[in-house]
Amino acid sequence: TLLHIATHGYFLKDVDESGGSVFGVNAENASNNPLLRSGLILAGAGKAIEGTGGADMTSNDNGILTAYEAMNLILECTGLVILSACETGLGDVKSGEGVYGLQRAFLVAGADALIMSLWKVDDEATQLLMTNFYTNWIKLNNKQKAFKQAQLQLMAKYTEPYYWGAFVMMGM
């Protein structure tokens, strides 16, 4: 099974604990937990972030999927999760624990492999990478080889690593 989420991602490196909230999460809690400082912005999030339209940032249906919430998904039969959004591979590194953020959340939820980005990505290059990846995957029937080939194909068009190096694949 495949789950491809093409939206906006975020990772907040530092959070001011002086009160308020971060995407509906208490700032002090967000400061102490990187799973609350990273996530995906989905449909309806604009109203919640702006505080318009009666949207409640504290509800489960606010258009924001934090890494903490993603960790509680049931993805045991999911062979690949693609997060084609900016900064979806970022998180806090905990010594001996790995990276805490969306990548950890989706792996804990049961995904076998992930494709995610390490920085803000170019829309056109991302679209081409994903199109090439799916084409190659159908031909090769191997997602790791298909992803590497898609990066090489993108490298032929865009020589700067900014375009083809943002996305990484982890897992099997």
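Below, the structure is looked at part by part.

Each value, and the rule that gives it
- Residues numbered from 1 in each chain as written.
- Predicted model: local features only at pLDDT ≥ 70, side-chain atom pairs only at ≥ 80, totals over all residues.
- Heavy atoms only, no water.
- Salt bridge = Lys/Arg side-chain N within 4 Å of Asp/Glu carboxyl O.
- Helix = DSSP H or I, 4+ residues; strand = E, 2+ residues; numbered from the N terminus.
- Buried < 20%, exposed > 50% of the residue type's maximum accessible area, 1.4 Å probe, protein only.
- Pairing = 2+ DSSP bridges.

This part takes up the pattern of salt bridges. Overall, the coordinates contain one salt bridge when judged by the stated rule. A salt bridge links Glu 124 to Lys 157; its shortest N-O distance comes to 3.5 Å. In this pair, Glu 124 sits in helix H5 (residues 123-140) while Lys 157 sits in helix H6 (residues 143-157), placing the two residues 33 residues apart along the sequence. On the basis of relative accessible area, Glu 124 is assigned to the partly exposed category, the value being 49%. Of the residues examined, Lys 157 reaches a relative accessible area of 51% and is grouped as exposed.

Attention now moves to the pairing of strand S10 (residues 113-117). Within S10, five of the five residues are buried, which leaves it mostly tucked inside the rest of the structure. With burial as the criterion, each face of S10 is covered, one bearing Ala 113, Ile 115 and Ser 117 and the other bearing Leu 114 and Met 116. Direction of pairing for strand S7 (residues 80-83) relative to S10: parallel, over a ladder of two bridges. From the neighbouring strand, Ile 82 faces S10, where its bridge partner is Ile 115. Here five bridges tie S10 to strand S11 (residues 167-171), and the two strands are oriented antiparallel to one another. The residue of S11 that forms the bridge with Ile 115 is Met 169.

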